[in-house]
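Residue-level listing of the chains:
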Amino acid sequence: MDKRSVVYDVILADLADIVGIENCTIKEVDRLCYSVDQFWLPKMWVDRGVKLPEPDFIVFPNSADEISKIIRVANRYKISVIPYGGGTGAQGGTIPLFGGIVIDLKRMDRIIRIDKNSYTVTALPGINGEFLENQLNKEGLTLAHYPASQYCATLGGYVAARGSGVLSTKYGKAEDMVINMEVVLPTGEVIRTLPVPNHATGPGILQLFVGSEGVLGIITELTMRIDPIPEVRKFQGYLFDDLKKGLEAGRRIMTHRLKPCVIRVYDGPSTQRFIKRVLNLDVTGIFMIVGVDGEENQAIYEESTIKKICLSLNAKELGPEPGKHWWKHRYDFYFPPFTPSLPYMYGTTDTVTTFDNIYKLYLAKKRVIEEGYKEWGASYTAHFSHWFPWGVMIYDRFFVKRPPQDPREAIVIHNKIWADSARASIANGGVLNDHHGIGFKLGSLMAEQYGSAWPLLKGLKDMIDPNGIMNPGKLGF
Amino acid sequence: MFLSEEERNETINACRFCPMCYPADAVALKIKKMSCTPRGRSLILFLLNQGKLEWNKDVADILYKFSADGLCREWCVGNYDLDQLILDARHHLIEKGIVQEEVNRVISNVITYGNPYGEKNLVPIKQIIEEAGGIVPGNPNLLLFFGCTARVKNPLLVGSFIRILRLAKIPFTFMDEEICCGGSLYEVGDYSSAKNQASILADKISKISVDKIVVLDPECYRMFLTRYMRWNINLNKPSFIFNVSEYIWDLFEKGYIKANQLIKEKVVYHDPFQLARYAVDHESPRKILNKIGGSKLVEMSFNRARAHCCGSAGALFFTNPDIAIDMAKDIIEEAKETDAKILVTNSPFCQYLLQKAYEDFHERDIRIEHIIEITLESIQ
């Protein structure tokens, strides 16, 4: 928007009237900081000196009512709205592609209620993940949601992106923890979902907004399931000589309906690249960590059953230390200098599928990257870290050592790798993404993934957001 | 600049997109604006280097809204020195003359009045000592350096330490005219004035023949032990520099003083950031508190190297007092969570800020003391 225009000044005045001028900013230095998230593309743009898409306004509301009023202003002037939590998404979900109003939710950061009978917590969406967990821990409770972004992400962001934490195998993803929500719709109405997530009262609107990445509305309050801090948490490390055996061990553990809190299986290159470098464990092969937690007797039973499964597949026992070490240092992978960074081109192309597909999906994606992009020095690593009763997700990454310097060429290669990898996932029983979301990185492939169901989603979006103001360009809309 | 160009670029490149130390940045947690986060500030510095942003008052406002208490570096697995990066950027702002009025006031106060508070009429040290009972007869091998914060905000604290030395019968000497160590000048980025102060002070100290220097203020202690080295000023030779709690513990260990009355209430200790993460001393104050309190010492959730700052770092109190006081309130809340009745610190500035923040609390269920004061209560 032209900042010299009188309409710009009028909108600013309207926004200041709602939240107070002290909770609005249009300063260049602020707008630039809201133009990047953890997606590789905006980082590359920054690095190469490319002009970033910037928001026109940034506001910091303190209530659903204020958000409702802001959205009505946005509708009046047909200006985009981008909800913003911690800015830790890796898919470009908060990049203001067409300018607009960034609604930073971090002022809405209170815990409303902890229900120790029902084991739920009700909180506002801008509450920091680490802060929330610390507050719950003081009461002997836990959200048990430990994504890599916990230090900086927000509760609303967890749910809006269908995020996953390292203990999701037992405790579920964020989408599994949400009980009910309050949402401000793209037309400004404030609605509440039903008080409980399981019922027989027709199609559930709760899951409509879970994973909606800000394109169907803004979450303004959430009630989440919580758990008691477990009596014990124990880890064991194993080493397999073959990835298929490692995956089979995981499958048997899950289909035995055991409830480990974590299973992590690292392919050979991951073991070599990350485990040694970050955890300082010099092992070669397929490294596996398994964790169990809960009451001590339960944990002992599960641990011994898991051990039998792993040993039956010729695993070598590494003892509890590797797992304990990993748990203590689980976020180290995401700090510099260990986290992937420029000048590499990189991406996490995670997906999820059923047990019968996972190994062929892994091979297909590995081939797509390593053979398809050999000239660019591409490499591929994978680990399998979030397990379900029916399947497992693959947390796989590509690294390109020598990406093009020209930003436009870099985008072409980047998008092609992503598209090839995503199509390999879809062709082998997977989906576009497991827990990072779609953003604008994968939006162009949504119609392809949903096929004949896509018009249903598109129609819903058009109906709920008639002016198309909510986070445009994301989720394929 | 104290980071080399290579270190600066490496730190900027590491931090400009990284969100991982967000919980360690108390100012970021309060302001909630992305530009005031560690990655926001680093991104801004990157864009300034690229010429995509101009050095202006908006940039200055963000760079002075930072605590520089070392917790980000401690939190970071890569130990990138974000604090020094920001202080170097402040130095750049000073050179360009783009700083807020409050920064200029700090500088002119130190140069004109010898303290950043602008206090013109400091109680003479000699008078404080006389009111505390006078010097201890004997040949002193000990120089006391009090620092300006204690003298401005709590001269009785100085007197209390003199009383401890009198009870221990330790002869001491002092400087009639103490000058500022330059700590606050360094924190606002005026390196040349800080270096000037350091040189003048070092010269004065070098003319005093002693074996030991006891430094009451951890900021001065940190300056002497770490930052002065950057200017090749080494006060450690031939003297040995103690911080005040280290010295008090030494007096206990050698039997110069004894705990005659034990503390009856639960005590919790707030680590000043300088001793938490720079010139590190976590244990001497805790040893003292255990000595005089039995098993009544409890800990806040974040302590020692991970202790939260009370707002005394990075000249934040001078540039953004509301934020600093808010941080001090958080420390009091953390202390209250331990059910402690006494919150002890080892810094006159921390004590001042905590007491100031405590004025807004309705429930007066905790008292705030300096380690010197609580020690004196116990040994009298």
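Below or above, wherever it landed, is the structure these notes cover.

About the criteria used
- Along each chain, numbering runs from 1 in the same order as the chain's sequence is written.
- Working convention: letters from A go to chains and numbers from 1 go to ligands, in the order in which they are written.
- Confidence filtering applies because this is a predicted model: local features only for residues at pLDDT of at least 70, side-chain atom pairs given and counted only at 80 or more, and all residues used for totals across whole chains, interfaces and linings.
- By convention in this description, side-chain values take in all heavy atoms of the structure and omit both hydrogens and water.
- Elements are defined by DSSP. Helices are runs of H or I of four residues or more, strands are runs of E of two residues or more, and each kind is numbered from the N terminus.
- When we talk radius of gyration, it's over C-alpha atoms, and the globule rule is simply 2.2 Å times the number of residues to the 0.38.
- Only protein chains enter the accessibility calculation, which uses a 1.4 Å probe. A residue is then buried if its area is under 20% of the maximum for its type, exposed if over 50%, and partly exposed in between.
- Here, residues are in contact when the closest pair of their heavy atoms is within 4.5 Å.
- Only four residue types enter the tally: Lys and Arg on the positive side, Asp and Glu on the negative side; His and the chain ends are excluded.
- By convention, charge coordinates are those of NZ in Lys, CZ in Arg, CG in Asp, or CD in Glu.
- Here's the idea: put two parts together, see how much 1.4 Å probe accessible area each one loses, and the total over both is what we call buried area.
- A pair is scored as a salt bridge if a Lys or Arg side-chain nitrogen falls within 4 Å of a carboxyl oxygen belonging to Asp or Glu.
- As used in this structure description, the phrase polar contact means that two N or O atoms lie within 3.5 Å; if the pair is within protein, one of them must be able to donate a hydrogen and the other to accept it, and residues adjacent in sequence are counted only when both atoms belong to side chains.
- All residues other than Ala, Val, Leu, Ile, Met, Phe, Trp, Tyr, Cys, Pro, Asp, Glu, Lys and Arg, Gly among them, are scored as polar; the first ten of these are nonpolar and the last four charged.
- What makes two strands pair is DSSP finding at least two bridges between them.
- Orientation is described by lines fitted to C-alpha atoms, with helices fitted over the stretch in contact, and by angles between N-to-C directions that extend from 0 to 180 degrees.
- To form a nonpolar core, buried Ala, Val, Leu, Ile, Met, Phe, Trp, Tyr and Cys residues must be joined to one another through side-chain atoms within 4.5 Å.
- Angle categories: roughly parallel below 35 degrees, roughly antiparallel above 145, roughly perpendicular from 65 to 115, and oblique for all the rest.
- Crossings are assigned a handedness: left-handed for a near helix turned anticlockwise from the far helix by less than a right angle, right-handed for a clockwise turn.
- An expected span of 1.5 Å times one less than the residue number is assigned to each helix.

## Some details on the overall build of chain A
Now for step 1: The number of helices and strands found in chain A is 17 helices and 19 strands.
Now for step 2: Scaling as 2.2 N^0.38, a compact globule of 477 residues should have a C-alpha radius of gyration of about 23 Å, and chain A matches this with 23 Å.
Now for step 3: With the principal axes as the frame, chain A shows a C-alpha extent of 70 × 60 × 45 Å.
Now for step 4: Of all 477 residues assigned to chain A, the portion counted as buried reaches 62%.
Now for step 5: Partitioning the intrachain contacts of chain A with sequence separation of at least 6 by distance along the chain shows that 73% fall at a separation of at least 24.
Now for step 6: Charge centroids of chain A, computed over 55 positive and 53 negative side chains, lie 4 Å from each other.

## Notes on the interface of chain B and chain A
Now for step 1: Of the residues lining the interface, 32 residues belong to chain B; the matching set on chain A comes to 40 residues.
Now for step 2: Around 3,000 Å² of area is buried between chain B and chain A when both sides are counted, 67% of it from carbon and sulfur atoms.
Now for step 3: Its largest share of buried area at the contact with chain A, chain B owes to F17(B), M20(B) and K32(B), together 23% of the area lost on that side.
Now for step 4: Summed over the shared surface of chain B and chain A, the number is five salt bridges.
Now for step 5: Inspection of the chain B/chain A interface yields 13 residue pairs in polar contact (both at pLDDT 80 or more).
Now for step 6: At the level of elements, α3 (38-50) and α4 (57-64) of chain B are the ones that each hand at least two residues to the side of chain B that touches chain A.
Now for step 7: No other element matches α3(B), which puts seven residues into the side of chain B that touches chain A.
Now for step 8: Of the residues in the side of chain B that touches chain A, the class split is 20 nonpolar, four polar and eight charged.

## Points about the environment of S149(A)
All names here are of chain A.
Now for step 1: Assignment of secondary structure puts S149 in the loop between β7 (141-142) and α6 (155-160).
Now for step 2: S149 sits in the buried class, given a relative accessible area of 18%.
Now for step 3: Once the C-alpha coordinates of S149 and A13 are considered, the two residues, 136 residues apart in sequence, prove to be 35 Å apart.

## Examining the sheet that holds strand β2 (residues 57-59) of chain A
All names here are of chain A.
Now for step 1: On the basis of which strands lie adjacent, the open sheet formed by four strands has the order β1-β2-β4-β3 and mixed pairing. Every interior strand has two partners, whereas the edge strands, β1 (24-25) and β3 (81-84), have only one.
Now for step 2: In the sheet, β2 pairs with strand β4 (residues 101-104) via three bridges, with the strands oriented parallel. For F57, the partnering residue across the bridge sits in β4 and is I101.

## A look at the sheet that holds strand β7 (residues 342-345) of chain B
All names here are of chain B.
Now for step 1: Strand order in the open sheet formed by four strands is β6-β5-β7-β8, with parallel pairing between adjacent strands. If you trace the sheet from one side to the other, it starts and ends with β6 (297-298) and β8 (367-370), each paired once.
Now for step 2: Sheet topology note: the strand β5 (residues 267-270)/β7 ladder contains four bridges and is parallel. Looking at β7, one finds that H270 is bridged to T345.
Now for step 3: Here helix α19 (residues 348-358) sits on the sheet in contact with β5, β7 and β8, set at roughly 165° to β8.

## What about the pairing of strand β1 (residues 142-145) of chain B?
Residue and element names in this part refer to chain B.
Now for step 1: Of the two faces of β1, the one lined by L142 and L144 and the one lined by L143 and F145 are each fully buried.
Now for step 2: Sheet topology note: the β1/strand β3 (residues 212-215) ladder contains four bridges and is parallel. Paired with L142 across the two strands is K212, which belongs to β3.
Now for step 3: Relative to strand β2 (residues 173-174), β1 runs parallel, the two being bridged by two bridges. Residue pairing for β2: L144 is matched across the bridge by F174.

## Describing the pattern of salt bridges
Now for step 1: Throughout the structure, instances matching the rule amount to 53 salt bridges over all chains.
Now for step 2: Notably, a salt bridge pairs K33(B) with D30(A), separated by 3.2 Å at the nearest N-O pair. On the criterion of chain membership, the pair formed by K33(B) in the loop between α2 (26-31) and α3 and D30(A) in helix α2 (residues 28-33) is interchain, its members lying in two chains. With respect to class, K33(B) is no different from D30(A); both count as buried.
Now for step 3: The salt bridge partner of R105(B) is E101(B), with a shortest N-O separation of 2.6 Å. Of the two residues, R105(B) and E101(B) both sit in helix α7 (residues 101-113), four residues apart, roughly one turn of that helix.
Now for step 4: Here R105(B) falls in the partly exposed class, since its relative accessible area comes to 40%.
Now for step 5: Accessibility expressed as a relative area gives 58% for E101(B), which makes it exposed.
Now for step 6: Each of the salt bridges in this network shares a partner with another, and the network as a whole consists of D271(B), E283(B), R286(B), E299(B) and R304(B).

## What to know about the nonpolar core
Now for step 1: Counting 279 residues, the largest nonpolar core has M181(A), M288(A), W326(A), F384(A), F161(B), F224(B) and Y228(B) as the members making the most contacts within it.
Now for step 2: Top element by residues in this core is helix α18 (residues 321-337) of chain B. It accounts for eight residues.
Now for step 3: With residues near it in sequence (within four places) discarded, F161(B) still touches L144(B), F146(B), V214(B), L216(B), V244(B), Y247(B), I248(B) and I372(B).
Now for step 4: The next biggest cluster of nonpolar side chains, apart from the first, holds 27 residues, and it includes I11(A), L12(A), I71(A) and L124(A).

## Concerning unusual backbone geometry
Now for step 1: For the peptide bond that leads from P336(A) to P337(A), omega is 5°, which places it in the cis range.
Now for step 2: With respect to the element layout, P337(A) can be found in the loop between α13 (321-328) and β16 (345-348).
Now for step 3: In this structure, the amide linkage connecting L342(A) to the following residue, P343(A), adopts the cis form with an omega of 10°.
Now for step 4: Relative to the elements of secondary structure, P343(A) occurs in the loop between α13 and β16.
Now for step 5: Look at K32(B): it is not a glycine, yet its phi comes out positive at around 65°.
Now for step 6: A positive phi angle, close to 45°, is found at A68(B), a residue other than glycine.
Now for step 7: With respect to the element layout, A68(B) can be found in the loop between α4 and α5 (71-75).

## A look at the packing of helix α10 (residues 243-255) of chain A against helix α14 (residues 355-372) of chain A
All names here are of chain A.
Now for step 1: Between α10 and α14, the shortest axis-to-axis distance is 10 Å and the interhelical angle comes to 160°. It follows that α10 is roughly antiparallel to α14 by the angle criterion. Considering only the axes of α10 and α14, their crossing is right-handed. Counting all contacts with α10, which are made through L243, K244, L247, R251, M254 and T255, the residues of α14 involved are F355, I358, Y359 and Y362.
Now for step 2: Among the residues forming the contact of α10 with α14, the class breakdown is seven nonpolar, one polar and two charged.

## So, α14(A)
Now for step 1: In a regular helix each residue adds 1.5 Å, so 18 residues correspond to 26 Å; α14(A) covers 26 Å between its end C-alpha atoms and thus fits that length.
Now for step 2: Within the sequence span of α14(A), burial applies to F355(A), N357(A), I358(A), L361(A), Y362(A), A364(A), K365(A), K366(A) and I369(A).

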